[in-house]
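Chain residues, written in single-letter form:
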Amino acid sequence: ERFLTINQKIYCTIKMIASCRHSLLKAAKQLATTRQYSATTTLNDRIVIAVGGNALQRRGERLTIENMLKAAADMAPTLAALSKDHELVLTHGNGPQVGELALERSAATFDVLGAESMGQIGYVLAQALSSAGRTTAPIICQVVVDPQHEAFRDPSKFVGPIYGAKEATALSQSLGWVMKPDGEYFRRVVPSPPPKEIIQIDAIRTILEQCPDILPIACGGGGIPVSRIPSNPRTLTGVEAVIDKDACGAKLAAELDADGFIILTDGGGIWQNFGKPNAREMKKASPEYLEGTKAGKNFPGSMGPKIQAAIDFVNNAKSPNAWAAIGDLRDASKIFNNEEGTLVMKDVKGEGVVWREQKAEPSPPKQSKEPHKSG
């Protein structure tokens, strides 16, 4: 009888442990569906900030590592200050940098050039932010695209400098580049398919949840374009393309359940009749209004993709209160309270737009033989 009693106690203990384990696993599963950072940090909103590649190249200056370091040092204090109150993830463009690399190494494919530019810019930003008191973790990110997407039949992403008609024709014939007119000049274009999957998303999320003092730098230049081999989907292969950094930033923000997505430019927010005497800037706008008025469609190489990325994030975010903003890098701290730039959100009263009081609009950048500035 004593033996049976001991066995019964052991059985009850095992059953109790199993029950507790089941409860813990259930709780952990429920917890995994919610955002974790609020439990590990006192910071406010989770924000993904996209900085254009042009931010690392002052107008009129050559694209050198020294000049990139100087430009990064200028912007680092602003980003470091924002990271004290908000949980940030930083992404960046690479338009000028990848264009420069393509000129130096015409035989290299754009997946490799994208990886090189990502490491280069990640290093520059990490060094500048470290000097400003922030520890960062630049992550080399691969982003899956569809190699059969229509973007490969009609390349549209401008890279590198501008050329005259004869020079463009010679480069097209000798190197096989696809060239398209950009104003009165010509530029090289490459396919720019939309991002489907960010391979390193779990690594980025882990840093946010487990290391709140570290600022991730991810998906630079839109990420390294790769595709999955149909016969073996676990195998990745590089793709000759450049993913739009704002489109990838919007996907990154949505997958991280970010509260906001900020696109920093060198030309302010969203303008109606940009470059004309009756131009005016939007203070707030809804995705419906922007889509209905085809905002940015006249600027497919610059503002158009930024507006579309803001719309995509707000529409795809889980939270109905998610917002996106487009504004000047110099006004980054004022964008949060809508003092500057354009805020994109679902709940905008009236016609879906609020206009700012009249102010001078930014001057459109002049054409030059510098690398592409839309980053």
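My aim in this report is to walk through the structure given alongside it, one point at a time. (Residues numbered from 1 in each chain as written. Predicted model: local features only at pLDDT ≥ 70, side-chain atom pairs only at ≥ 80, totals over all residues. Heavy atoms only, no water.)

Right, let's talk about the overall build of the protein chain for a bit. When helices and strands are tallied, the protein chain shows eleven helices and 17 strands. A buried classification covers 48% of the 375 residues belonging to the protein chain. Nonlocal contacts in the protein chain, meaning residues at least 24 apart in sequence, comprise 74% of its contacts between residues at least 6 apart. Counting every atom, the protein chain has about 19,000 Å² of accessible surface; 53% of that belongs to carbon and sulfur. (Helix = DSSP H or I, 4+ residues; strand = E, 2+ residues; numbered from the N terminus. Buried < 20%, exposed > 50% of the residue type's maximum accessible area, 1.4 Å probe, protein only. Contact = heavy atoms within 4.5 Å. Areas by Shrake-Rupley, 256 points an atom, 1.4 Å probe, with all protein chains shown as cover.)

This part is about the nonpolar core. Within the largest apolar cluster, 46 residues are counted, with the highest numbers of intra-cluster contacts made by Leu252, Phe261, Leu290 and Phe313. Put simply, the parts of the chain that give this core at least two residues each are strand E1 (46–51), helix H7 (201–210), helix H8 (245–255), strand E12 (260–265), strand E14 (280–285), helix H9 (287–292), helix H10 (303–316) and strand E15 (323–328). Looking at this core, the element that brings in the most residues is H10, giving seven residues. Setting aside anything within four residues of it in sequence, one finds Leu252 in contact with Val48, Val89, Ile198, Ile201, Ile204, Ala218 and Cys219. The next biggest cluster of nonpolar side chains, apart from the first, holds 29 residues, and it includes Leu79, Leu88, Ile262 and Leu264. (Core = buried A, V, L, I, M, F, W, Y, C linked by side-chain atoms within 4.5 Å.)

Let us look at the sheet that holds strand E4 (residues 142–144). The strand order across the open sheet formed by four strands is E8-E4-E10-E11, and the pairing between neighbours is mixed. Because the sheet does not close on itself, it has two edges, and the strands there are strand E8 (197–198) and strand E11 (232–238). Where E4 lies against strand E10 (residues 224–229), three bridges are found, and the strand directions are parallel. Looking at E10, one finds that Val144 is bridged to Val226. (Pairing = 2+ DSSP bridges.)

Here we come to the sheet that holds strand E5 (residues 157–163). With antiparallel pairing, the three strands of this open sheet are ordered in space as E5-E7-E6. Because the sheet does not close on itself, it has two edges, and the strands there are E5 and strand E6 (178–182). Going across the sheet, the axis of each strand differs from the next one's by a mean of 40 degrees, ignoring polarity. Judged from the five bridges that link them, E6 and strand E7 (residues 185–190) form a sheet pairing that is antiparallel. Each bridged residue has a counterpart across the sheet, and for Met179 the counterpart in E7 is Arg188. (Axes fitted to C-alpha atoms, helices over the stretch in contact; angles between N-to-C directions.)

Their axes nearest at 9 Å, the elements helix H4 (residues 95–104) and helix H5 (residues 110–131) cross at an angle of 125 degrees. By the angle between their axes, H4 is oblique relative to H5. Judged by the twist between their axes, the crossing of H4 over H5 is right-handed. Where H4 abuts H5, its residues Gln97, Val98, Leu101 and Ala102 lie against Phe110, Leu113, Gly114, Glu116, Ser117, Gln120 and Ile121. Looking at the contact of H4 with H5 residue by residue, the classes come out as six nonpolar, four polar and one charged. (Parallel < 35°, antiparallel > 145°, perpendicular 65-115°, else oblique. Left-handed = near helix turned anticlockwise from the far one by under 90°. Nonpolar A, V, L, I, M, F, W, Y, C, P; charged D, E, K, R; others polar.)

Before going further, it helps to spend a moment on the packing of aromatic side chains. This model, assessed by the stated rule, comprises two aromatic pairs. Taking the centre distance of 6.0 Å and the plane angle of 65 degrees together, the rings of Phe261 and Phe313 count as edge-to-face. Of this pair, Phe261 sits in strand E12 while Phe313 sits in helix H10, and the two are 52 residues apart along the sequence. Taking the relative accessible area as the measure of exposure, Phe313 reaches 0% and is therefore buried. Measuring from ring centre to ring centre gives 6.2 Å for Trp323 and Phe336, while their planes differ by 80 degrees; the resulting arrangement is edge-to-face. With Trp323 in strand E15 and Phe336 in the loop between helix H11 (332–335) and strand E16 (342–344), the pair connects residues that are 13 residues apart, well separated along the chain. (Phe/Tyr/Trp six-rings, centres within 6.5 Å; stacked < 30°, edge-to-face > 60°.)

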